[in-house]
Amino acid sequence: MSPGALLPLAAVLSALGPGIVIAFLPETRHGLRTVLNLAGALLQVGVVTLLVAEAARGNAYTVRIPFVVGTEILLQTDPLALLLAGLSAALWLLTTIYAIGYLEGSPHRSRFFSFFSLCVSATLGLALAGNLFTFFVFYELLTLATYPLVVHRGTDESVRAGRVYLGYTLAGGLALLVGMAWLTQIAGPVEFEPGGVLTEGAADPATLAVIFALLVGGMGVKAGLVPLHGWLPVAMIAPAPVSALLHAVAVVKAGAFGIVRVVDEVYGIALVTSLGLATPLALLATVTILYGSLRALAQDYLKRRLAYSTISQVAYITLGVALGGATATMGGLMHLVHQGIMKITLFFCAGALAETLGVHRISEMAGVGRRMPGTMAAFTVGALGMIGAPPTAGFITKWYLGLGGLGVEKPWVVGVLALSGLLNAAYFLPVLYVAWFKPPEREWPASGRRLEAHWMLLAPPLVTAVLALLLGLLASTPFSALQWARLISFREVAP
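Residues numbered from 1 in each chain as written. Predicted model: local features only at pLDDT ≥ 70, side-chain atom pairs only at ≥ 80, totals over all residues. Heavy atoms only, no water.

## Here we look at the environment of Ile289
Tracing the backbone through its elements, the reader meets Ile289 in helix H12 (residues 278-297). A relative accessible area of 0% places Ile289 in the buried class. Between the C-alpha atom of Ile289 and that of Ala315, which follows or precedes it by 26 residues, the distance is 5.8 Å. Residues contacting Ile289, with those up to four places away along its chain left out, are Ser312, Ala315, Tyr316, Leu319 and Ser420. (Helix = DSSP H or I, 4+ residues; strand = E, 2+ residues; numbered from the N terminus. Buried < 20%, exposed > 50% of the residue type's maximum accessible area, 1.4 Å probe, protein only. Contact = heavy atoms within 4.5 Å.)

Take a look at the structure:
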């Protein structure tokens, strides 16, 4: 095995190693725990950056580790894998900084950060998975790693949310397992390949359609596709860093990313279309986009409104790949990155408001922009990005999804994007109005700091808000998410 081939393993283990050590640290070892957390996050950023640089030079690495009979753990560094791996590594570093500040003085921090690291390691593993079996292993490991984070507070409400979360995700995992086993029995071990590995003659169309439904249904639970989304609003009881990670990088992205793998690299969009599955999947994504936005309108609890927004926004990824065509796929893949950065900004801000001022509901936010201008400025950028306002990253996504829809002769996509944008504005703009233009209705708690909040709660959302702007303003530069998504989409759809 060449030294370079060890890099994918290093990417996965860079989070796992510190997590194992942290699990055995006493609560009082705050300094060492912080050093391990930051060292692991920085190491992972370094390794993933090196892998991206190697991929840009045309070098890809593969690691095969024999597992049980007939299966193997396969890690590979193809461009699609590195899209999610890069997002995960970058946002894990920022979320780690945020979580250290958020949980300052809280109990059970060693337990929290141990599972937190395991969660990131599982996300890197499924991002780099080169076959369906490896994807499944890390997909389920992600479920087990995130459950303790959801119930971290230990309240009755959090325990109930954990049960709901576990029920949904384990049911999804079972569907994925059945689909994977059935497909393996028909076609042998399934490795991901651009354009897909299955042919129309692999099995009768009805069998292929049922297996497709099992795979996409199993992944659709984590992606929050309607009607499999019920766990997402309930899981909002988790601490803000967990919500940020679940909605931007880990769980929902794992589901959406898996759907991309199945559509483009297991079946191939041509086979999905010929089986008559592409249009129903696009319609399911459309229903999810509109349903999530409509439900968000009625929420006063800020994190719950953001949760329904996630349900809607993540479905753009599924819509893009289901439409087929390189441009629509490019729009969907871009949104995998853009939504992650914009949504983590919003959850960072929601957590900072709750921790600093005790504000949890939109009806409590009157005048909060004057008390925490930096936080609300970041929130404003994230919200405008979700609406799709130029020059944010969200505008770039919706622009290419619209072009993609027209390119495959589905003009109704433009109507869906326009309606969704209006709904996004209807549930985000009132929040901004209340925060910036309404006078405060109560005295805010004294900060006792020079800054409006703990710097670890303020800096991460400011950084991600700037990124959300730069990804829009610099979309045409060579190393933007747009250019990386273009490379992948033409590789997947028009190889």
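## Quick look at a nonpolar patch on the surface
On the surface, a nonpolar cluster with roughly 470 Å² of combined accessible area is contributed by Val463, Val466, Leu467, Leu470, Leu473 and Leu474. Mapping Val466 onto the fold places it in helix H19 (residues 455-473). Relative accessible area serves as the criterion here: at 45%, Val466 is assigned to the partly exposed category. (Patch = residues over 30% accessible without salt bridge, like charges linked within 9 Å, V, L, I, M, F, W, Y side chains within 5 Å. Areas by Shrake-Rupley, 256 points an atom, 1.4 Å probe, with all protein chains shown as cover. Salt bridge = Lys/Arg side-chain N within 4 Å of Asp/Glu carboxyl O.)

## Notes on the layout of surface pockets
The computed volume of the largest pocket comes to approximately 680 Å³. Residue lining of the largest pocket: 22 residues in total, with Gly86, Leu87, Val337, Phe479 and Ala481 positioned closest to the centre. Top element by residues in the lining of the largest pocket is helix H3 (residues 79-102). It accounts for seven residues. Residues belonging to the lining of the largest pocket are distributed by class as follows: 18 nonpolar, four polar and no charged. (1 Å grid on protein atoms, 1.4 Å probe; cavity = no way out; pocket = protein on both sides within 12 Å on 5 of 7 lines; lining within 4 Å. Points joined across faces, edges and corners; volume = space filled by probe spheres on them. Nonpolar A, V, L, I, M, F, W, Y, C, P; charged D, E, K, R; others polar.)

## Brief notes about the packing of helix H14 (residues 326-357) against H19
Where H14 meets H19, the axes come as close as 9 Å, and the angle between the chain directions of the two elements is 155°. Overall, the two elements H14 and H19 adopt an arrangement that is roughly antiparallel. By crossing handedness, the relation of H14 to H19 is classed as left-handed. Side by side, H14 and H19 meet where Val337, His338, Ile341, Met342, Ile344, Thr345, Phe348, Cys349, Ala352, Glu355 and Thr356 of the first sit next to Leu457, Pro460, Pro461, Thr464, Ala465, Leu467, Ala468 and Leu471 of the second. Here the residues of the contact of H14 with H19 sort into 14 nonpolar, four polar and one charged. (Axes fitted to C-alpha atoms, helices over the stretch in contact; angles between N-to-C directions. Parallel < 35°, antiparallel > 145°, perpendicular 65-115°, else oblique. Left-handed = near helix turned anticlockwise from the far one by under 90°.)

## Describing the side chain of Glu54
By the element assignment, Glu54 lies in helix H2 (residues 30-56). Judged by relative accessible area, which is 12%, Glu54 ranks as buried. Here the side chain of Glu54 touches Arg57 through a polar contact of 2.4 Å, side chain to side chain. In this structure Glu54 touches Asn59 and Tyr61, once residues within four positions along its chain are discounted. (Polar contact = N/O pair within 3.5 Å; in protein donor to acceptor, adjacent residues only side chain to side chain.)

## What about the environment of Tyr267?
The residue Tyr267 is located in helix H10 (residues 251-267) in this model. Take Tyr267: its relative accessible area is 1%, and that puts it in the buried class. In sequence terms Tyr267 and Phe192 are 75 residues apart; their C-alpha atoms lie 9.5 Å from each other. Beyond its immediate sequence surroundings of up to four residues, Tyr267 is in contact with Gly195, Gly196, Leu198, Leu208, Ile211, Phe212, Leu215, Val262, Val272 and Leu275. A distance of 2.7 Å separates a polar atom in the side chain of Tyr267 from the backbone oxygen of Leu208.

## Re the packing of aromatic side chains
The final tally for this structure, using the stated rule, is 13 aromatic pairs. Their ring planes at 85° and their centres at 5.2 Å tell us that Phe112 and Phe113 sit as a pair that is edge-to-face. For Phe113, a relative accessible area of 2% corresponds to the buried category. A connected cluster of aromatic rings, assembled from ring pairs, spans Tyr98, Tyr102 and Phe348. Over the aromatic face of Tyr139 sits the side chain of Lys222, whose NZ or CZ is 3.8 Å from the ring centroid. (Phe/Tyr/Trp six-rings, centres within 6.5 Å; stacked < 30°, edge-to-face > 60°. Lys NZ or Arg CZ within 6 Å of the ring centre and 35° of its normal.)

## Considerations on the UniProt feature "domain: NADH:quinone oxidoreductase/Mrp antiporter transmembrane" (unreviewed entry) in the protein
UniProt feature "domain: NADH:quinone oxidoreductase/Mrp antiporter transmembrane" (unreviewed entry): in the numbering of this structure it lies at residues 129-416. A helix fraction of 76% and a strand fraction of 0% characterise residues 129-416, whose end C-alpha atoms lie 33 Å from each other. (UniProt positions renumbered as here; feature names shortened; annotations may be inferred.)

## Quick word on the pattern of salt bridges
On inspection of all chains with the given rule, the structure shows seven salt bridges. Residue Asp78 is joined to Arg261 by a salt bridge in which the shortest nitrogen-to-oxygen separation is 3.4 Å. With a gap of 183 residues between them, Asp78 in the loop between strand S2 (72-76) and H3 and Arg261 in helix H10 connect regions that are remote in the sequence. By the burial criterion, Asp78 is buried, and Arg261 matches it. Its salt-bridge partner being Arg361, residue Asp300 comes within 3.9 Å of it at the nearest N-O pair. Separated by 61 residues along the polypeptide, Asp300 in the loop between H12 and helix H13 (302-323) and Arg361 in the loop between H14 and helix H15 (368-371) bring together distant segments of the chain.

## Let's talk about unusual backbone geometry
In most cases, non-glycine residues show a negative phi, while peptide bonds are predominantly trans. Cis rather than trans, the peptide bond between Val226 and Pro227 has omega equal to 10°. Positionally, Pro227 belongs in the loop between helix H7 (205-223) and helix H8 (231-234). A cis amide bond links Pro390 to the next residue, Pro391, at an omega of 10°. Note on placement: Pro391 falls in the loop between helix H16 (373-387) and helix H17 (393-407). With a phi angle near 60°, His108 is a residue other than glycine that sits in the positive phi range. Of note, Glu409 is a non-glycine position whose phi angle comes to about 60°, a positive value. By secondary structure assignment, the location of Glu409 is in the loop between H17 and helix H18 (412-437). The class for Glu409 is exposed, based on a relative accessible area of 71%.

## Focus: the side chain of Asn131
Here Asn131 lies in the loop between helix H4 (109-128) and helix H5 (132-150). You can call Asn131 buried: its relative accessible area is 6%. For Asn131, the side chain forms a polar contact with the main-chain oxygen of Glu72, separated by 3.2 Å. Engagement of the side chain of Asn131 in a polar contact is seen with the side chain of Thr134, the distance being 2.6 Å. With residues near it in sequence (within four places) discarded, Asn131 still touches Glu72, Leu74, Val190, Glu191 and Phe192.

## Description of the pairing of S2
The buried count for S2 comes to four of five residues, which makes it a mostly enclosed element. Counting the residues in the hairpin turn of strand S1 (residues 62-66) and S2 gives five residues, including Gly70, whose phi is positive at 80°. (Pairing = 2+ DSSP bridges.)

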